Amino acid sequence: MAAAMVDVEAMMKELRVTYASGKTRSYEWRVTQLKAILKICEHHEHEIVQALKVDISKPELESFVHEISLLKEACKFTLKQLKRWMAPEKVKTSITVFPSSAEIVPEPLGVVLVISAWNYPFLLSLDPVIGAIAAGNAVVLKPSEVSPATSAVLAKLVGEYMDTTAVKVIEGAVPETTALLEQRWDKIFYTGNGKVGRIVLAAAAKHLTPVALELGGKSPTVVDSDTNLKVTARRIIAGKWGCNNGQACISPDYIITTADFAPKLIDVLKYELEKFYGKEPLKSPDLSRIVNSNHFNRLKQLLDDDKVSGKIVFGGQSDLPNLKIAPTILLDVPEDSLIMKEEIFGPLIPILTVDNIKDGISFINSREKPLAAYLFTNDKSLKEEFIRNVSAGGLVINDTALHLAVPTLPFGGVGESGIGAYHGKFSFDAFSHKKAVLNRSFLGDVGARYPPYTPFKLRLL
Ligand code: NAD
């Protein structure tokens, strides 16, 4: 339902009543709702895949593996662990409060808002909702208007399968989101770009609402000459063009390698790209299109920048009517070119060259902290140095993007790439308050703590 058609305040009242009734706190309710998400995935796979095809011509395999399958795994993992996560955690107390016991009791935050983005519109919508429900909250989901087919499918299926007194989908664009942001929420979980992230943070500040901001950034990929070149090239391709044709928050944004090694890397990338997508990649069914003409024009502008003319070493073709851009490699673009200033979020990849591969680490650290950073090498000391010195939301050594699929790892940014993390237990924690509970005995009531504060009592300290 569009927020314009909904009385947002009436909806908030209904959600507050539901939450106050205590029903979302029960283990049984949480399990039923999580199982409903599983059923949505299992019974409506075709419908979801079709919506993703309409929105972004996402290849069926990517829709299945990157969206439906990951979501099912997240649901199953949560169902398996939920009882343990909900249990109070006994902790040690100190001699000062002897005798006593202490525990940390997780409690839901209340009524929460999830705002999601268009590029993985199914996964990025329901994955945070899993955390919100697991933690016992009532939740409103606002999917992206840039992927309207998936947004409509989400609204329909959540309405059919889930408890709509506590889980609601509100469709819409800026006016609807603005109306939602005016409300008082107990948490706002936003996925998207940093400019809107700042709008969300400002709106949240008014009510002292905690936020998670899952943003993006320019994720670097460092390739050392001591590497398995074929596997390196294939894994860069998988994380870049094999993820929505580069329209993924953790796709490699640019590569850093040594000047000597760059020609070898480019040759193998070209060879593997041709093998995967053919000699006419614009016609390949295995590459998503660019989501809309705004993003198409934005990417064309990056390529048309005077500073990068003559730097294309592979690809560069585009097809405006079908919103397709071919996998494109650029070599040694200037640091002050447009393409090195903003997140690319598309099928273009610049390769920067350095004299010494360790200079790559200094280069990364001279820029905003990215959502992900990747390193390909066999060199143990280089790996250690990279892990120790590179600050990013997450790191992967010798692969790209796969940390997202490990539910025991937190997924989130740092600095300009975001605030807060989720996935697995981190999702449960993102939507919980950890309540400190100290349980004292009436025994051991020490008189020294009470007035009058006599010199004798002072000497006891
Ligand atoms: P988008 O255009 O779908 O916008 C995201 C959400 O913000 C939408 O629901 C939209 O309705 C809302 N929105 C847009 N303008 C608004 C405004 N003025 N006020 C209030 N709400 C508004 O998505 P996008 O921002 O183009 O997404 C791409 C960005 O998101 C990239 O930077 C990418 O790296 C990042 N991203 C991050 C993650 C992650 O998990 N960290 C995942 C996907 C995308």
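The coordinates are above.
Nothing here was measured: the structure is a model prediction, and the numbers come from that model. (Residues numbered from 1 in each chain as written. Predicted model: local features only at pLDDT ≥ 70, side-chain atom pairs only at ≥ 80, totals over all residues.)

1. Things to note about the environment of lysine 307
Relative to the elements of secondary structure, lysine 307 occurs in the loop between helix H11 (293-304) and strand S10 (312-314). The sequence separation of lysine 307 and isoleucine 237 amounts to 70 residues, and the corresponding C-alpha distance is 25 Å. When neighbours within four sequence positions are excluded, lysine 307 is seen to be in contact with Val333, Pro334, Asp336 and Ser337. (Helix = DSSP H or I, 4+ residues; strand = E, 2+ residues; numbered from the N terminus. Contact = placed C-beta atoms within 7 Å.)

2. Here's the deal with the sheet that holds strand S1 (residues 89-91)
Spatially, 3 strands are ordered S1-S2-S20 in an open sheet, and the strand pairing comes out antiparallel. Of all the strands in the sheet, the pair left with one neighbour each is S1 and strand S20 (432-440). Pairs of neighbouring strands in the sheet enclose a mean axial angle of 25°, with direction left out of account. Direction of pairing for strand S2 (residues 100-108) relative to S20: antiparallel, over a ladder of 9 bridges. Paired with glutamate 103 across the two strands is valine 437, which belongs to S20. (Pairing = 2+ DSSP bridges. Axes fitted to C-alpha atoms, helices over the stretch in contact; angles between N-to-C directions.)

3. As for the site of the ligand
Close contacts around the ligand come from 28 residues, with Ser144, Gly192, Asn193, Gly216 and Cys249 the closest. Contributions of two or more residues to the shell around the ligand are made by helix H7 (174-181) and helix H8 (194-206). It is H7 that contributes the most residues to the shell around the ligand, 3 residues altogether. Residues belonging to the shell around the ligand are distributed by class as follows: 13 nonpolar, 11 polar and 4 charged. (Near = placed C-beta within 6 Å. Nonpolar A, V, L, I, M, F, W, Y, C, P; charged D, E, K, R; others polar.)

4. Some details on unusual backbone geometry
That bond from phenylalanine 98 to proline 99 is cis: its omega, -5°, falls within 30 degrees of zero. Among the secondary structure elements, proline 99 is positioned in the loop between S1 and S2. Between proline 451 and proline 452 the backbone carries a cis peptide bond, its omega angle lying at 0°. By the secondary structure assignment, proline 452 is in the loop between S20 and helix H15 (455-460). At leucine 323, a residue that is not glycine, the phi angle is positive and equals roughly 55°. Note on placement: leucine 323 falls in the loop between strand S11 (318-319) and strand S12 (324-325). By C-beta crowding, leucine 323 is classed as partly exposed, having 18 other C-beta atoms within 10 Å. (Buried ≥ 20, exposed ≤ 12 C-beta atoms within 10 Å, placed from the backbone.)

5. Description of the pairing of strand S4 (residues 138-142)
Within S4, 5 of the 5 residues are buried, leaving the element largely enclosed by the surrounding structure. Because side chains alternate across S4, one face comprises the buried residues Ala138, Val140 and Lys142, and the other comprises Val139 and Leu141, equally buried. The pairing of strand S3 (residues 111-115) with S4 spans 5 bridges and is classified as parallel. Looking across to S4, one finds that valine 112 is bridged to valine 139. With 3 bridges joining them, S4 and strand S5 (residues 167-169) adopt parallel strand pairing. By the bridge assignment, leucine 141 is partnered in S5 with valine 169. The β-α-β motif built from S4, the intervening helix H6 (residues 148-161) and the parallel element S5 has right-handed crossover chirality. (Right-handed = clockwise from strand over helix to strand, strands pointing away.)

6. A short note on the sheet that holds strand S15 (residues 372-376)
Reading across the sheet, the 7 strands line up as S10-S13-S14-S9-S8-S15-S16 and stay open at both edges, with mixed pairing between neighbours. Strands at the two margins of the open sheet, each flanked by one partner only, are S10 and strand S16 (394-397). Ignoring which end each strand starts from, the neighbouring axes of this sheet average 25° apart. Summarising the sheet, strand S8 (residues 220-223) and S15 pair through 3 bridges and their orientation is parallel. Paired with valine 222 across the strands is leucine 375, a residue of S15.

7. What to know about the nonpolar core
Grouped together as the largest cluster of nonpolar side chains are 118 residues, with contacts concentrated most on Val112, Val114, Ile130 and Val139. If we ignore the near neighbours within four places in the chain, the residues touching valine 114 are Ser125, Pro128, Val129, Ala132, Val139, Leu141, Lys142 and Phe189. (Core = buried A, V, L, I, M, F, W, Y, C linked by C-beta atoms within 7 Å.)

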